[in-house]
Amino acid sequence: MTGEARTIYDGHILKLELLENKWEVIRHADAVAVLALNDAGEMLLVRQFRRAVDAHTLEAPAGLIDGEESPEAAARRELQEEAGLDGEMRLLTRFYSSPGFCDEHLYVFQATNLRESKLPHDEDEDIEVVWMPPQRVLDGMREGRIVGSATTLAAALYGLQSLDTHNPADG
């Protein structure tokens, strides 16, 4: 990075910087999201209230990477905290949430061979677990019935692709 950076705000999960007296940039911890499909091909989602948008969202289980935690360990922890499940993890993709103003890097994992393994929820989370076919998730987002996130969209798209490539009836 070139030029001068001045910290405007330094909070618990983000820092706001002014670069070269022109660009406002949010420094944010990296995060993970998990695509988990059950044996029926349904996608695991969690419904929760998000204060930043003042709405309930339907999202893939997700959360911040804590300290020196690896992205895979964070994905496993989030799946256990939010859905009471664990499984084999495989990195699907990674991307920036909104690189025009934020440096948050998101890692999307696929969880397979799911099994029960519960960790306590974060105290401030009120989460409902929902299983839906990936196509219904995409249709709901397109029609405005489901408010989700970039990770929800990425997981649903991959879930559909995964189901298509593993469906022997399709030839």
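In case you missed it, the structure is sitting above this.
(A) Region of interest: the pattern of salt bridges. One pass over the full model with this rule turns up 15 salt bridges. For glutamate 72, the salt bridge is made with arginine 76, and the minimal N-O distance between the two is 3.2 Å. Residue glutamate 72 and its partner arginine 76 are located together in helix 1 (residues 71-83), separated by 4 residues, close to a single helical turn. Arginine 76 gets classed as partly exposed once you look at its relative accessible area, which sits at 22%. The salt bridge involving arginine 76 is made with aspartate 86; its shortest N-O contact spans 2.6 Å. Linking arginine 76 in helix 1 with aspartate 86 in strand 8 (residues 85-96), this pair joins segments that are 10 residues apart in sequence. Through salt bridges that share partners, Asp66, Glu69, Arg77, Glu78 and Glu81 make up one connected network.

(B) Broad picture of unusual backbone geometry. The backbone phi angle of aspartate 54 is positive, close to 50 degrees, even though this residue is not glycine. In this fold, aspartate 54 is placed in the loop between strand 5 (43-50) and strand 6 (55-59). With relative accessibility at 61%, the residue aspartate 54 sits in the exposed group. The phi torsion at asparagine 113 lies on the positive side, around 50 degrees, for a residue other than glycine. For asparagine 113, the position within the fold is in strand 9 (residues 105-116).

Calculation criteria
Residues numbered from 1 in each chain as written. Predicted model: local features only at pLDDT ≥ 70, side-chain atom pairs only at ≥ 80, totals over all residues. Heavy atoms only, no water. Salt bridge = Lys/Arg side-chain N within 4 Å of Asp/Glu carboxyl O. Helix = DSSP H or I, 4+ residues; strand = E, 2+ residues; numbered from the N terminus. Buried < 20%, exposed > 50% of the residue type's maximum accessible area, 1.4 Å probe, protein only.

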